[in-house]
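Secondary and tertiary structure notes
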Amino acid sequence: MSQFSTVVIDNGTGYTKMGYAGNMEPSYIIPTVLADAINKGTTKVASQNQKFENPELDFFIGDDAFAHQKSHNLQYIIRSGQIENWEAMEKFWHRAIYSQLRCEPEEHRFILTEPPLNTPENREQMAEIMFETFNVKGLFIGVQATLALYAQICGPQSDVKSFSKGDLTGTVIDSGDGVTHVFPVSDGFVIGSCVKHIPLAGKDITKFILQQLRDRGEPVPADDAMDIAQKVKERFGYVCKDVVKEYKKFDEKTLDESTGKIVQSNKFKKYVHKQTMTGATFEIDIGYERFLGPEMFFHPEFIHNDWRSPLDEIVDNSIQSCPIDTRRKLYENIVLSGGSTLFKDFDQRLNKQVQQRVDDRLKQYETLTGQAPKPIKVNVSQNMVQRYAVWFGGSVLGSQEHFQKVCHSREDYMERGPSICRHNPLFPQGF
Ligand SMILES: Nc1ncnc2c1ncn2[C@@H]1O[C@H](COP(=O)(O)OP(=O)(O)OP(=O)(O)O)[C@@H](O)[C@H]1O
Ligand SMILES: [Mg+2]
């Protein structure tokens, strides 16, 4: 890797993934939060050992921000994938670049990511901050879906040499902390009119699990409540095949012949938590929420009063609204991206339910026309870099030879201004 390799930063609603192109994993995955000084007029003692000469630098990002939330003003920077607080974003980037990645931005090209259908104004604002505040050497703003597809096609399981532009066709399901998106991509371009947005993602499942634990009277300390619910979700959550059958599995009791006692199903788990402030230990019983939380994808009405369309219906509708000649390939290559797609058996349940919808439609067609159509094989695939597929796509792109041709340079920016970043094609002309 060259000394001045490209920096890749994927700012998500919940987590920022950052590191250098050419690596398999981001160097840092930290919460996208900022804890800013409450009173900037005076120089404050930020922690017992640390004094800030310049109050402007009295702020923290990531886990450090949570650690300072009592003395500082905690700010969430991104909502549903969109940057909401630009001032906070700029500070976050500042600390991320200089203190975490420890790089001189003027010597590096940068890849940032954006949600689908991001506005050109947002893209220009990103460019303005990157070129004018950080004076970066070059900038490319990649659409998250396209980068995730890039990761799957050029990823660790594939043969990079056989890659061509036409292979960049597939349906990406990106479900992170704040938002879930379904986006069909054809030949490297997101089919914008067919992108579907679902207002449910990881944070909603975490809140649901917390509510279940509280309703049952589990000892969840208020200070760490969301953190506990998130850990329970990530450690014990899974997608079941059938909710009614799964309840039964939990309710099955057996007789332990050695003790003569009736014992509960081993589906129940225990989570032991040490409270941050007091060090006290709590034991929390985990039950049905293991599968009821992730069931949100298939029965959203469990969590959300107004949102009733299951994920498989959204995926099917999205593909059906695409041009007819792309549909087969879009069903055959459904790619998962983002932390909330990591639940065990998520891929299998989605595969089965989308296939069911496709088969029902083909059967209907046969009944109406008397002709048997060619079957369509739905394929939802997992991949090794699913947790940070968007970041990994950027890592691959940034290490490819053609990247320099598509990356906007500082000289271009100086000459033509932020509007150069309105378009960020993945491939140079004639690729
Ligand atoms: N093993 C796991 N099982 C289930 N959920 C997980 C797992 N690991 C992480 N998550 C969840 O994934 C979410 C974070 O994923 P990700 O980093 O893709 O989101 P993001 O990019 O910050 O958000 P967004 O893409 O919505 O803007 C969190 O809600 C986290 O709890
Ligand atoms: Mg994301």
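Everything here concerns the structure above.
Now for a description of the structure that goes with this document. (Residues numbered from 1 in each chain as written. Chains lettered and ligands numbered in written order. Predicted model: local features only at pLDDT ≥ 70, side-chain atom pairs only at ≥ 80, totals over all residues. Heavy atoms only, no water.)

Before going further, it helps to examine the overall build of the protein. The helix and strand tally for the protein stands at 14 helices and 23 strands. The C-alpha radius of gyration computed for the protein amounts to 24 Å, which stays within 12% of the reference 22 Å derived for 431 residues, consistent with globular compactness. Each of the three principal axes of the protein carries a C-alpha extent, and together these read 70 × 65 × 40 Å. Nonlocal contacts in the protein, meaning residues at least 24 apart in sequence, comprise 66% of its contacts between residues at least 6 apart. Accessible area of the protein: about 21100 Å², with a carbon and sulfur share of 47%. (Helix = DSSP H or I, 4+ residues; strand = E, 2+ residues; numbered from the N terminus. Rg over C-alpha atoms; globule rule 2.2 N^0.38 Å. Contact = heavy atoms within 4.5 Å. Areas by Shrake-Rupley, 256 points an atom, 1.4 Å probe, with all protein chains shown as cover.)

Moving on: the pattern of salt bridges. On inspection of all chains with the given rule, the structure shows 17 salt bridges. As a salt-bridge pair, arginine 216 and glutamate 289 come within 2.9 Å of each other at their nearest N and O atoms. Here arginine 216 is found in the loop between helix H5 (202–215) and helix H6 (225–236), whereas its partner glutamate 289 is found in helix H8 (residues 289–292), with 73 residues between them in sequence. The residue lysine 249 makes a salt bridge to glutamate 246 at a minimum N-O spacing of 3.4 Å. With a gap of three residues between them, lysine 249 and glutamate 246 both fall in helix H7 (residues 243–251), about one helical turn apart. For lysine 249, a relative accessible area of 39% puts it in the partly exposed group. Put simply, Arg216, Glu218 and Glu289 are held in one network by salt bridges that share partners. (Salt bridge = Lys/Arg side-chain N within 4 Å of Asp/Glu carboxyl O. Buried < 20%, exposed > 50% of the residue type's maximum accessible area, 1.4 Å probe, protein only.)

Before going further, it helps to spend a moment on the pairing of strand S4 (residues 33–37). Burial analysis of S4 places five of its five residues in the buried class, the great majority of the element. Across five bridges, the pairing between S4 and strand S8 (residues 72–76) is antiparallel. Residue pairing in the sheet places valine 33 in a bridge with tyrosine 76 of S8. (Pairing = 2+ DSSP bridges.)

Here we come to the packing of aromatic side chains. A complete count under the given rule lists 13 aromatic pairs for this structure. Seen from their ring centres, phenylalanine 250 and tyrosine 288 are 5.5 Å apart, and the 50 degrees between their planes marks the pair as tilted. Of this pair, phenylalanine 250 sits in helix H7 while tyrosine 288 sits in the loop between strand S20 (281–286) and H8, and the two are 38 residues apart along the sequence. Residue classification places phenylalanine 250 among the buried residues on the basis of a relative accessible area of 2%. Judged by its relative accessible area of 26%, tyrosine 288 falls in the partly exposed class. Put simply, the rings of Tyr238, Tyr247, Phe250, Phe268, Tyr288 and Phe291 pair up and form one aromatic cluster. (Phe/Tyr/Trp six-rings, centres within 6.5 Å; stacked < 30°, edge-to-face > 60°.)

A separate point is the environment of valine 315. Structurally, the position occupied by valine 315 is in helix H9 (residues 311–320). Taking the relative accessible area as the measure of exposure, valine 315 reaches 0% and is therefore buried. Along the backbone, valine 315 and methionine 130 are 185 residues apart, and their C-alpha atoms lie at a distance of 35 Å. The residues contacting valine 315, other than those within four sequence positions of it, are Ile173, Val182, Ile334 and Val354.

Here we come to the sheet that holds S4. Hydrogen bonds between backbone atoms are what pair the strands of a sheet, whose relative direction is either parallel or antiparallel. Ordered in space as S7-S4-S8, the three strands form an open sheet in which the pairing is antiparallel. Looking at strand neighbours, the two that pair on one side only are strand S7 (59–61) and S8, the edges of this open sheet. Between one strand axis and the next, the sheet turns through 20 degrees on average, direction left out of account. Where S4 meets S7, three bridges bridge the pair, whose relative direction is antiparallel. By the bridge assignment, leucine 34 is partnered in S7 with isoleucine 61. Strand contacts of helix H2 (residues 86–100): S4, S7 and S8, with the helix running at about 75 degrees to S7, the strand carrying the most contacts. (Axes fitted to C-alpha atoms, helices over the stretch in contact; angles between N-to-C directions.)

Take the packing of helix H4 (residues 144–154) against helix H12 (residues 389–398) next. Contact geometry of H4 with H12 gives a least axis separation of 7 Å together with a crossing angle of 70 degrees. Regarding the angle of H4 to H12, the classification is roughly perpendicular. Facing Gln144, Leu147, Ala148, Tyr150, Ala151 and Cys154 of H4, the residues of H12 in contact are Ala389, Val390, Phe392, Gly393, Gly394, Val396 and Leu397. In terms of residue class, the contact of H4 with H12 is made up of 10 nonpolar, three polar and no charged. (Parallel < 35°, antiparallel > 145°, perpendicular 65-115°, else oblique. Nonpolar A, V, L, I, M, F, W, Y, C, P; charged D, E, K, R; others polar.)

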